[in-house]
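One letter stands for each residue in the lines below.
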Amino acid sequence: MGVEAGAQAARSRALAVLRIRGRALAVALLPAAVAVILLAGDSTDHLVGPFWHAARWAVTPVAVVVLLAAGVIALVVARARPAVTPTVPVSEDSAPDLYRMVRDLADRLDVPAPSAIALTPDCDSWLEDRTHPSHGPPAHENRDEIAGVRTAHRRAATAPVLVIGSPFLWWMRVGELRAVLAPVVAGTGASAHPDIAAARRFVRGLDAAVAVASAPARCPLTRGVCAGLGAVARLLLRSCREHAALMERGVAAAAAERAQAVDYGLRIVAQEQVGLAYAGWDRLLTRVALPAWRMGRWPSRLDAGVVSALTELSRRDRLAEGFASRLGERPACDLLEEPGAVDEAVSLLAARLFHGGPAETGPDWSPVDWQEYPEEVVDRKWRTDAARLHRVLDTLGVTRSTDPAIPAPDGPTLTRILAHLSKPPRTEEAAPRLPASPEGEDEAEIENERAAALAAALTAQLAREEAAPAPRTTAADPALWDDTALPLFPLQPPRTARELLTDHVTAMVCCAAMDTAGATPGLDWLDGPTLLIDGDRATDLTPRVLSLVEDGDPAPLRAWLRESGIRPEKPVRLV
């Protein structure tokens, strides 16, 4: 630790956390100390008589029970596995230039270099301590000896792991990445301080003990033991929570102060790219990757896709001039030996974390390239949604022919959808009661009663399909996360019944456009699946579909179909 003000504040808060640990140990040993005094007084004939005899019989069992409970709690706190962020490890052989850059940065900052580097599918970077025995085999060599570490302690002073957001490697230039990582790498100096390291281990152990106590128990005795363990661990966590938070603030302040001497001017510019990368990454996941994940396909080049998304965003925002000159510099992904393989591993992890997909590829979970995305994802998605829409109409008893005098068409048509959702003339008869939506959604949002009933039926059908048991897969690394808790970070809340119906009607319109007007499926890096008519995006389709769904007015959509040369009466091909 240096002489920064934040470092001194962090050390004082770390000592406060350790004092709380010491007080807890003193409380656990107090009954035993009293029992030892009483037993010693009996052997030396100083504490004799009925009162002292009764006190010995009362205190000694309590001391034994307290010591046993304290030993169990201490064992759980020491051995419980702390939470670890799921990441993709990057070995030094696969990224020698990246390791060299990080070590040079650590030398300039005069701090220990991180012990390893890992990537995460997120727009953030941090240091993570993985020295716990459950996180892997202990290091046999200690190349970063740090002065001042207590030699009596058996734990080696291992530097933490540097976790880097994968979008940064593909979007940022090498200089920008170095400037962004400078404050993060500077935090390794705090990890080397014995008091701060011990305080962090204690807090992480308490947090892991709470997780162990919260796990479902198998018998009443185990539940009682876990309840007591959880109560003590939560009490200690509440006692040191404020000190731990201020300690981390002090560490961050000290790291920021130390990093000011390294690429400070470039860091100000790089911070703008951090915000831009976050916006593009979020848009890519929610608009582009999520539809593919729902179809059982995972894009294998998400990080490369974020570059295309941000390029499109910069072009639309008329920032192309400065952006083009920036792209001429060396991208940070060149620091990897095989960026394509790393991108594929990160993309699979992103699908697992944000969608809960399997850990390995299979018949129902396969990768897809961006060149294949329109045909393999967009086309398939639209035809699958359109087929589901017609199946629901069949269950509701809606006929395929809109005119009894005309024979039914050979296949599903868009005309059937238009005729059913068009609001009929009002009558004096009472309308039938609509089935309730599974989400309890207020159907008053949809004035069209037929659309409301169809939306509720679609929601129920989709819920049944999603509730079907999925094939069981084995986690890639069971030590990193709980398989039953996936997805850890859901991207979007469940779609409402109105949104589901709008998506399905839009899909049917797109299928009719592809089969009758020569339209093609396309990929928009910012908006996801899109319909291309004569090479141009159909940007005015959604409001016309909403007019049909919400108001029962088919006129705007019919006019758009005529202008685009789409024939709704023709059968379409579904899956």
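This text goes with the structure placed above it.
Everything numeric here is computed off the predicted structure, so don't read it as measured data.

Q: What exactly am I supposed to notice about the sheet that holds strand β8 (residues 528-533) here?
A: Backbone hydrogen bonds hold the strands of a sheet together, and the pairing may be parallel or antiparallel. Across the sheet, which stays open at both edges, the three strands sit in the order β7-β8-β9 with antiparallel pairing between neighbours. The outermost strands of the open sheet, each flanked by one partner alone, are β7 (520-524) and β9 (536-537). In the sheet, β8 pairs with β9 via two bridges, with the strands oriented antiparallel. Along β9, the bridge assignment pairs Leu-532 with Arg-537. Of the strands in this sheet, β7 and β8 are in contact with helix α13 (residues 373-395), which crosses β7 at around 110°.

Q: What is the right way to read the sheet that holds strand β4 (residues 161-165) from this model?
A: The four strands lie next to each other as β1-β2-β4-β3, forming an open sheet whose pairing is mixed. Each edge of the sheet is formed by a strand with only one pairing partner; in this case those strands are β1 (88-90) and β3 (126-128). Sheet twist, expressed as the average angle between the axes of neighbouring strands with direction ignored, equals 35°. Both β1 and strand β2 (residues 116-120) contribute to a ladder of three bridges, which runs antiparallel. Bridge pairing links Val-88 to Leu-119 in β2. Strand contacts of helix α3 (residues 96-109): β1, β2 and β4, with the helix running at about 115° to β2, the strand carrying the most contacts. Helix α5 (residues 174-185) contacts β3 and β4 of the sheet and is inclined by roughly 140° relative to β4.

Q: I'm lost on the pattern of salt bridges in this one. Help?
A: Two side chains carrying opposite charge are able to pair once their charged atoms lie near each other. Tallied over the entire structure, the rule returns 25 salt bridges. The salt bridge involving Arg-416 is made with Asp-394; its shortest N-O contact spans 2.6 Å. On the criterion of sequence distance, the pair formed by Arg-416 in helix α14 (residues 414-421) and Asp-394 in helix α13 is long-range, its members being 22 residues apart. Take Arg-416: its relative accessible area is 2%, and that puts it in the buried class. The residue Asp-527 makes a salt bridge to Arg-537 at a minimum N-O spacing of 2.9 Å. Taken as a pair, Asp-527 in the loop between β7 and β8 and Arg-537 in strand β9 lie far apart in primary sequence, 10 residues in all.

Q: Explain the nonpolar core to me, please; I cannot follow it from the model alone.
A: For soluble globular proteins, nonpolar side chains are generally found buried alongside one another. With 110 residues, the main nonpolar core has Leu-98, Leu-177, Trp-293, Val-505, Leu-531 and Trp-560 as its most contacted residues. With sequence-adjacent residues up to four places away left out, Leu-531 is seen in contact with Trp-382, Cys-510, Ala-513, Met-514, Ala-519, Thr-520, Asp-536, Arg-537, Ala-538 and Trp-560.

Q: Help me out: how do you make sense of the packing of aromatic side chains in this one?
A: The way to describe two aromatic rings as a pair is by their centre distance and the angle between their planes. One pass over the structure, following the stated rule, counts three aromatic pairs. Where Phe-51 meets Trp-52, the ring centres are 5.2 Å apart and the plane angle is 75°; that geometry is what we call edge-to-face. Residue Trp-52 is classed as partly exposed on the basis of its relative accessible area of 31%. Considering the side-chain rings of Trp-370 and Tyr-373, the 5.9 Å spacing of their centres and the 45° angle between planes classify their relative orientation as tilted. Since its relative accessible area comes to 13%, Trp-370 is described here as buried. Site record: aromatic cluster; members linked through ring pairs are Trp-370, Tyr-373 and Trp-525.

Q: Where do I start with the pairing of β4 in this structure?
A: Within a regular strand, the side chains alternate between the two sheet faces. Most of β4 sits inside the fold, with five of its five residues counted as buried. Side chains of β4 alternate between two faces, with Val-161, Val-163 and Gly-165 and Leu-162 and Ile-164 buried alike. Both β2 and β4 contribute to a ladder of five bridges, which runs parallel. Bridge pairing links Ala-118 to Val-163 in β4. Pairing geometry for β3 and β4, over three bridges, is antiparallel. Bridge pairing in β4 links Leu-127 to Leu-162.

Q: Got a minute to help me understand helix α12 (residues 339-355) in this structure?
A: Three or four residues apart is the spacing at which side chains of an α-helix point the same way, because the helix has 3.6 residues per turn. With 17 residues, α12 should cover 24 Å at 1.5 Å per step; its first-to-last C-alpha distance of 23 Å lies within 8% of that length. Looking at α12, one finds that the buried residues are Val-342, Asp-343, Val-346, Ser-347, Leu-348, Leu-349, Ala-350, Ala-351, Arg-352, Leu-353 and Phe-354. Of the residues flanking the end of α12, it is Gly-356, one or two places downstream, whose phi is positive at about 80°.

Q: I tried to follow the packing of α14 against helix α16 (residues 497-516) on my own but got confused; where do I start?
A: Helices that pack against each other are described as a pair by the angle of their axes relative to one another and the distance between those axes. Two numbers describe how α14 lies on α16: the axes approach to 9 Å, and their chain directions differ by 145°. The handedness of the crossing between α14 and α16 is left-handed. Where α14 approaches α16, its residues Leu-414, Ile-417 and Leu-421 are matched on the opposing element by Val-505, Met-508, Val-509 and Ala-512. For the contact of α14 with α16, the class distribution of residues is seven nonpolar, no polar and no charged.

Q: Can you walk me through the packing of helix α1 (residues 5-43) against helix α8 (residues 220-259) in this structure?
A: Put simply, α1 and α8 touch, their axes get as near as 7 Å, and they point 160° apart. Regarding the angle of α1 to α8, the classification is roughly antiparallel. Considering how the two elements wind past one another, α1 and α8 form a crossing that is left-handed. Residues Ala-5, Gly-6, Ala-7, Ala-10, Arg-13, Ala-14, Ala-16, Val-17, Ile-20 and Ala-24 of α1 form the contact with α8, whose participating residues are Leu-236, Ser-239, Cys-240, His-243, Ala-244, Leu-246, Met-247, Gly-250, Val-251, Ala-253, Ala-254 and Glu-257.

Q: Whenever I open this one, the environment of Leu-501 confuses me. Can you help?
A: Secondary-structure assignment places Leu-501 in helix α16. The class for Leu-501 is buried, based on a relative accessible area of 0%. Between the C-alpha atom of Leu-501 and that of Leu-389, which follows or precedes it by 112 residues, the distance is 8.3 Å. Those residues in contact with Leu-501 that lie beyond four places of it in its chain are Leu-389, Ala-451, Leu-454, Ala-455, Leu-458 and Val-549.

Q: Is there a simple way to think about the pairing of β8 in this case?
A: Bridging between β7 and β8 involves five bridges; their strand directions are antiparallel. Paired with Thr-520 across the two strands is Leu-532, which belongs to β8. The turn joining β7 and β8, which pair antiparallel and follow one another in sequence, is formed by three residues. Here β8 hands over to β9 after two residues, with Asp-534 in that stretch at a positive phi of 55°.

Q: How do you make sense of empty space enclosed by the protein when you look at a structure like this?
A: To find leftover empty space, one rolls a probe the size of a water molecule over the atoms. All chains considered together, the criterion is met by two cavities of 30 Å³ or more. Volume-wise, the second largest cavity comes out at about 30 Å³. In terms of lining residues, the second largest cavity is bounded by Tyr-99, Val-102, Arg-103, Ala-113, Pro-114 and Ile-117. Class assignment of the residues belonging to the lining of the second largest cavity gives a composition of five nonpolar, no polar and one charged.

Here is what the cut-offs are and how they apply
Residues numbered from 1 in each chain as written. Predicted model: local features only at pLDDT ≥ 70, side-chain atom pairs only at ≥ 80, totals over all residues. Heavy atoms only, no water. Pairing = 2+ DSSP bridges. Helix = DSSP H or I, 4+ residues; strand = E, 2+ residues; numbered from the N terminus. Contact = heavy atoms within 4.5 Å. Axes fitted to C-alpha atoms, helices over the stretch in contact; angles between N-to-C directions. Salt bridge = Lys/Arg side-chain N within 4 Å of Asp/Glu carboxyl O. Buried < 20%, exposed > 50% of the residue type's maximum accessible area, 1.4 Å probe, protein only. Core = buried A, V, L, I, M, F, W, Y, C linked by side-chain atoms within 4.5 Å. Phe/Tyr/Trp six-rings, centres within 6.5 Å; stacked < 30°, edge-to-face > 60°. Expected span 1.5 Å × (residues − 1). Left-handed = near helix turned anticlockwise from the far one by under 90°. Nonpolar A, V, L, I, M, F, W, Y, C, P; charged D, E, K, R; others polar. Parallel < 35°, antiparallel > 145°, perpendicular 65-115°, else oblique. 1 Å grid on protein atoms, 1.4 Å probe; cavity = no way out; pocket = protein on both sides within 12 Å on 5 of 7 lines; lining within 4 Å. Points joined across faces, edges and corners; volume = space filled by probe spheres on them.

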